[in-house]
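Architecture and fold: a report
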Amino acid sequence: MAKKRTVRSIPQERTPVRELDPVVRAANFEEVNCGYTEPEAILESTRCLFCPEPKCIDGCPVNIDIPGFILKIGEKDFRGAYDVITGTNLLPAVCGRVCPQENQCEGVCVVGETLIPVAIGRLERFVGDLAIKNSWVNRPYIEPTKFRIGIVGSGPAGMACAADMAKAGCDVTVYEAFHEPGGVLRYGIPDFRLPNSIVDAEIEKLEELGVKFECNTLVGRLFTIEQMISELGFHAVFIGTGAGYPTMLGIPGDSLNGVLSANELLTRCNLMKARDFPNVDTPLPLGKHVVVVGAGNTAMDALRVSKRLGAKTVTCIYRRSKAEAPARAEEVHHAEQEGIDFHWLSNPVEIIDDGEGSVCAVRCVRMELGEPDDSGRRRPVPVPGSEFEIETDQVVFAIGTNANPIIGQTSKLRLNKRGYIATDDDLMTSMAGVFAGGDIVTGAATVIEAMGAGRKAARGIKAYLGIRDTGPIERDEAIFGISSREHNFVRVRAA
Amino acid sequence: MTDSSNQKFLIVRREDFSDVTFLLEISHPMMARAAKPGQFVIVMSHAEGERIPLTIADFDRERGTITLVIQAVGKTTLEMQRNCQVGTALYGLAGPMGIPSHLSDAKKVVCVGGGLGVAPVYPQARAWKESGAYVIGVLGFRNKDLLFWEDKFRAICDELIICTDDGSAGIRGFVTDGIKLALEKHPDIEEVVAIGPPVMMKACAEATRPSGVKTMVSLNPIMVDGTGMCGGCRVKVGETVKFACVDGPDFDGHQVDFDDLMIRLRRYKEEEQVAKERWSETCRMRGIGSEAVSVN
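Bear in mind that the values here come from a model prediction, so they are computed numbers and not experimental data.

What follows covers the sheet that holds strand S3 (residues 212-214) of chain A. Residue and element names in this part refer to chain A. Taken in spatial order, the five strands make up an open sheet running S3-S2-S1-S4-S14, and their pairing is parallel. The open sheet is flanked by S3 and strand S14 (434-436), the only strands paired with a single partner. Pairs of neighbouring strands in the sheet enclose a mean axial angle of 20°, with direction left out of account. The sheet contact formed by strand S2 (residues 171-175) and S3 spans three bridges and is parallel. Looking at the pairing, Tyr175 lines up with Glu214 of S3.

Residues and elements named next belong to chain B. For chain B, the domain assignment lists domain 1 (4-97) and domain 2 (108-218). Centre-to-centre, using C-alpha coordinates, domain 1 lies 24 Å away from domain 2. When the two sides are added together, the surface that domain 1 and domain 2 hide from each other amounts to roughly 1200 Å², 65% of it contributed by carbon and sulfur. Here domain 1 and domain 2 share two salt bridges between them. Joining domain 1 to domain 2, the criterion identifies two residue pairs in polar contact (both at pLDDT 80 or more). Those elements that place two or more of their residues in the side of domain 1 that touches domain 2 are strand S3 (21-27), strand S5 (52-60) and strand S6 (65-71). When residues of the side of domain 1 that touches domain 2 are assigned to their parent elements, the largest contribution, five residues, is made by S5. Here the residues of the side of domain 1 that touches domain 2 sort into nine nonpolar, five polar and one charged.

Okay, the sheet that holds S5 of chain B next. All names here are of chain B. What the six strands build is an open sheet, ordered S2-S3-S6-S5-S4-S8; its pairing is antiparallel. Edge positions in the sheet fall to strand S2 (11-16) and strand S8 (92-97), since each has one partner strand and no second. Pairwise comparison of adjacent strand axes, ignoring direction, gives a mean angle of 30° for this sheet. This element, helix H2 (residues 75-83), spans S2, S3, strand S4 (40-44), S5 and S6 of the sheet and lies at about 70° to S3.

This part is about a negative patch on the surface. Residue and element names in this part refer to chain B. On the surface, a cluster of negative charge is made up of Asp19, Asp145, Asp165 and Asp166. As for its placement among the helices and strands, Asp145 is situated in the loop between strand S10 (134-141) and helix H4 (150-156). A residue is classified by how much of its surface remains accessible, and Asp145, at 59% relative accessible area, is exposed.

Residues and elements named next belong to chain A. The contact between helix H5 (residues 78-86) and helix H8 (residues 120-133) brings their axes to 9 Å, and the two run at 105°. The angle between the axes of H5 and H8 places the two elements in the roughly perpendicular class. For the pair formed by H5 and H8, the contact residues are Phe78, Ala81, Tyr82 and Ile85 on the first element and Glu124, Phe126, Val127, Leu130 and Ala131 on the second. Of the residues in the contact of H5 with H8, the class split is eight nonpolar, no polar and one charged.

We now examine the interface of chain A and chain B. At the interface, 46 residues of chain A touch 51 residues of chain B. Buried area between chain A and chain B, summed over both chains or domains, comes out near 4000 Å², and the portion from carbon and sulfur atoms is 55%. Counting the surface chain A buries against chain B, the share from its top three residues, Arg221, Leu222 and Asp281 of chain A, is 17%. For the pair chain A and chain B, the number of links is three salt bridges. Taken together, the links from chain A to chain B amount to 22 residue pairs in polar contact (both at pLDDT 80 or more). Sorting the residues of the side of chain A that touches chain B by element identifies strand S5 (259-261), helix H13 (262-271) and helix H16 (406-410) of chain A as the ones contributing at least two each. Looking at the side of chain A that touches chain B, the element that brings in the most residues is H13 of chain A, giving four residues. Looking at the side of chain A that touches chain B residue by residue, the classes come out as 22 nonpolar, 16 polar and eight charged.

With that settled, the discussion passes to the environment of Asp250 of chain B. Residue and element names in this part refer to chain B. Tracing the chain through its elements places Asp250 in strand S17 (residues 250-252). Overall, the relative accessible area of 18% leaves Asp250 in the buried class. Here the alpha-carbon distance between Asp250 and Lys214, two residues 36 residues apart in the chain, equals 12 Å. Residues contacting Asp250, with those up to four places away along its chain left out, are Ser101, Met216, Val217 and Ser218. One polar contact links Asp250 to Ser101, side chain to side chain, over a distance of 2.6 Å.

Once that is clear, we can look at the packing of aromatic side chains. In this structure the tally under the stated criterion is 16 aromatic pairs over all chains. Ring geometry for Phe78 of chain A and Phe126 of chain A: centres 5.3 Å apart, planes at 80°, overall edge-to-face. Remark: Phe126 of chain A occurs in helix H8 and Phe78 of chain A occurs in helix H5; sequence separation between them is 48 residues. The burial state of Phe78 of chain A is the same as that of Phe126 of chain A; both residues are buried. An angle of 75° between the planes, with centres 5.9 Å apart, marks the rings of Phe148 of chain B and Trp149 of chain B as edge-to-face. Three or more aromatic residues link up through ring pairs in this structure, and these residues are Phe17, Tyr122, Phe141, Phe148, Trp149 and Phe153 of chain B. Between Lys152 of chain B and the ring centre of Trp149 of chain B, over which it is positioned, the NZ or CZ distance is 4.1 Å.

Residue and element names in this part refer to chain B. At a minimum axis separation of 10 Å, helix H6 (residues 198-208) and helix H8 (residues 258-265) run at an interaxial angle of 180°. In terms of their interaxial angle, H6 and H8 are classed as roughly antiparallel. Across from Pro198, Val199, Met201, Lys202 and Ala205 in H6, the residues of H8 making contact are Phe258, Asp259, Leu261, Met262 and Leu265. Residues of the contact of H6 with H8, tallied by class, amount to eight nonpolar, no polar and two charged.

A word on the pattern of salt bridges. Residues and elements named next belong to chain A. Per the stated rule, a full pass over the model turns up 48 salt bridges over all chains. Between Asp129 and Arg97 there is a salt bridge, and its shortest N-O distance comes to 2.9 Å. Placement of the pair is Asp129 in helix H8 and Arg97 in helix H6 (residues 92-98), with a sequence separation of 32 residues. For Asp129, a relative accessible area of 21% translates into the label partly exposed. Notably, a salt bridge pairs Glu180 with Arg186, separated by 3.5 Å at the nearest N-O pair.

About the cut-offs
- Per chain, the residues get numbers from 1 upward, laid out in the order the sequence is written.
- The naming scheme follows written order: chains are lettered A onward, ligands numbered 1 onward.
- Confidence filtering applies because this is a predicted model: local features only for residues at pLDDT of at least 70, side-chain atom pairs given and counted only at 80 or more, and all residues used for totals across whole chains, interfaces and linings.
- As a rule here, side-chain values come from all non-hydrogen atoms in the structure, and water together with hydrogens is ignored.
- Any two strands with at least two DSSP bridges between them are considered paired.
- Numbering of helices and strands starts at the N terminus; helices are DSSP runs of H or I of at least 4 residues and strands are runs of E of at least 2.
- Orientation is described by axes fitted as lines to C-alpha atoms, over the contacting stretch for helices, and by angles from 0 to 180 degrees between their N-to-C directions.
- Where each domain starts and ends comes from a domain assignment, either automatic or drawn from a database.
- Accessible-area loss on putting two parts together, using a 1.4 Å probe and summing over both, is the definition of buried area adopted here.
- Whenever a carboxyl oxygen of Asp or Glu lies within 4 Å of a side-chain nitrogen of Lys or Arg, that contact is scored as a salt bridge.
- Pairs of N or O atoms within 3.5 Å make up the polar contacts considered here, provided that, within protein, one atom can donate a hydrogen while the other can accept it, and that residues adjacent in sequence are counted only when both atoms are side-chain atoms.
- Think of it as three bins: nonpolar holds Ala, Val, Leu, Ile, Met, Phe, Trp, Tyr, Cys and Pro, charged holds Asp, Glu, Lys and Arg, and polar takes everything else, Gly as well.
- A contact between two residues is defined here by any heavy atoms of the two lying within 4.5 Å.
- Only residues whose relative accessible area exceeds 30% and that form no salt bridge are eligible for patches; like-charged ones are grouped when within 9 Å, while nonpolar side chains (Val, Leu, Ile, Met, Phe, Trp, Tyr) are grouped when within 5 Å.
- All accessible areas in this document rest on Shrake-Rupley with a 1.4 Å probe, and a residue is counted as covered only by the protein chains that are shown.
- Here the positive residues are Lys and Arg and the negative ones are Asp and Glu; neither His nor the chain ends is included.
- All charge positions are set by atom: Lys at NZ, Arg at CZ, Asp at CG, Glu at CD.
- The buried label applies to any residue whose accessible area, calculated with a 1.4 Å probe on protein chains only, is under 20% of its type's maximum; exposed applies above 50%, and partly exposed to all values in between.
- Roughly parallel refers to an angle under 35 degrees, roughly antiparallel to one over 145, roughly perpendicular to one between 65 and 115, and oblique to any angle outside these ranges.
- In this scheme Phe, Tyr and Trp rings, the latter by its six-membered ring, pair at centre separations within 6.5 Å, and the angle between planes marks the pair as stacked below 30 degrees, edge-to-face above 60, and tilted otherwise.
- Only when the NZ atom of a Lys or the CZ atom of an Arg is both within 6 Å of the ring centre and within 35 degrees of the ring normal do we say a charge sits over the ring.

Structure (C-alpha cells):
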C-alpha cells in the first residue's frame, strides 16, 4: 500500500459475484452463488481500508482477523490468507456461505457507513474453496495431552469444539445419531446453498487433526452423559445437540397428511436424498402448490427446495412484514428471484381437509402491525373479516423449534425453564466437566453462533482441564520434512 | 449390505418364522447393555436405504446382541428379507430409542401381541414376570402357520391364550376375545399392554375401556430420524400432540386418536407401492424372485 486508502479512493461498487440464472437454477440443486474468481477477489480486497481499529473483528462471533486475511489476498498470498482465517475458524468454506454477514462483520464494516461494505463473506469463501481445491491443511504441531474429550453432536458447535480440542492435543471423539456426520450442515442446509462436498471436505480436515466420528450413536439412550465421564473415560464432554423438536402451529388440521415440518422436508431431501426417489428408498411426495409458514432461513430453504422439487406454485406466509423477516436479506432476495410468492402480514388459522385426511387449502387472516412486543418488533394483530384461502397440497411449518428432550430425559443436567441446558458463563453445565453450547443452550440460532459457542466451550474445557495454549512457535527445522513456516504450527502444552 | 466379519452391526443369527416373518439377531454389545423393554431402533439396510423404526424384540446382554422381528411387507423389508443373511451387516443401526416402557408395580397384567407385535411385547412380559407379577399372555395370529415364539411365552407366562382368525391354533377369534376371556376370569387385572397393528391396538383399547383397566399401547408411526427432530411421527394423545419417537412410543391407549394415526400411516401409500413394484420388477428381471426368499 503506497498510499493510504480512503473511502473515496477505493472502488465505490462492491465487486459483483456471478450467480446462476434464476430460471435455470430453480429447477436444479446446483449452488446459486458461484463465488469470486481470483481477479474478483483481489479487486474486492482493495476495498478494505485496513482501519486502525477494525470493527469487523468484533463483529465476527469467532473474531477472525478479517483485515489480516484480506491483506494477504491483496498480496496474492492466498495460502497466507488461509492460515490467518484458520487461526480462528476452521471452516471458512462453510462460514463464507452461511453466516449472516450483514448482521455481523459486514454489518459493522467502516466502508459500510458510506458505501456497500466489503464483501467479507465472499472473500472468506474464496479462500476456503481454494483451500479445498488445493487440499491445504493446516496441521499444527500438536503435543498430545492425556485427555479424552467426548462431543455429542457433529453439527457446527460440535465440529468447532472438536477442532479446538484436537489442536490442544486431546483425543477427541464426536458422536452423531444420524448415519452421516455434519448435523444441520448435512440434513438442513440444502446443496444449492452449501454443497455436501464442502461439508465432507471440512469433516475430512477434522479427521486429519485426529478427530474420530462415531455415527449411529444416540447419546443419552445408548449411553448417558454420566456414563461418558464415569465409564467411557472421557475427561470432559461437550453437548452440541441442537434444538431439534420442531414447533407445530397448533391450529385445526395441522396433523393432516401433507402438513410437515421444514426439518422433515429438508432431512428427507438433503440427508436422505429423497429427491432421487425411487432410486433411493426414502419418499418425498411433491406438492404442486406448496405453502411454507415462516420467514427465517429455514423457511427460505424449504421454499426454494420445494420450487426445485417441481412445485408449480410456492408461497410463503409470514405474519409480520418483510422488514421483520428473520431470514438473511440475500436469501429472501434469491427466493423472490426464483419466483416464490410472498404473502407478508398473513397468518394461517386453519388447514382444510380434502375429506380423505389430506390438506387441500389453508385459511389465512391478514395481519397489521401494532405496538412493539418483547422482541422489539411490532406485534402483528389480525384484521377482522380479512380471511382468505390458498389452495395447497403441502403445508410446511418453519416456525422454529423447541428444546430436544433426550438429554434432559436421560441425565441429571439442570435445564432452564424452556427445557434448554443451563450453563454458566464458561458454558459449563451443572455437572463438572460437562459443557454445552449452540442451539441446545440458546434455542435456534445461526451456524456461526453455534461455532462460536463450540469454541467458547473449548476454552472453558481447556481451563477446566488445565491446558493452556502457548501460541504459535516459530521454528525453522522441518519435522518429518514438514516445514513449520508453511504449516502454521501451534504448540500446546498441558500446564 | 457388506460382507465383512469385523464390521459393526453384524447379523449373527437369522430365523424365518414364515414366508413373511423373519428374525435377525444383530451384534451390538453396547446396545444390548442399554436396551430396555419398549424401546426401538432405526435401521438402514444400505446407503441408499430408508431409515425404518423397528421395535427391539429381545436383547441378550451376555451375547451382546439385539433381536428384531421383521415382516416383509414393503420394498425395504422385502429387500432385507432377501439380503440380510448371517455374516452380512446392516448399514446403519441407531438406538435404543424412545422412553422405555414403564414397568408398573401391577400384580396381574395382560400382555397382548398381535401378529408382528408378539415380538416387541415379549421383553415387557418377561420383565414383569421377573418382577413377580402374574402374567397372562394373549397372542393373535391369522393362522397356525404364522405362529411364533409360543414356547418363549409359555416359559414366562402364567397363562397363555393363543387366538387365530381361523381357529387353526388356540381359540378361534381375535386378541380382543382373548382379552375378554382374561378379564372375565380375573377381575383383578390391573394393566393391559397391547402391541400390534393400529387397528388391533384400537380394538384392544375399546375392549378394556368399559372396565377402565389401564391399557398401554406402543405406536409405530412413520419416522425419519427417531430423535425428535422431524416431527413426522406426531400423534394425537388426548388434547395434545406428541412425538412418538421421544415422547413415546408407549401411550395410554384410551387417550390415543387411532383414526388420526391410521390416516397418517397412509401418507406414503402411493410411493410405497411404486417402490415395491419397482423392486419386484428388478427381482423378476434378475430371476431372483420368491425362491430366493426361502433361505435357511
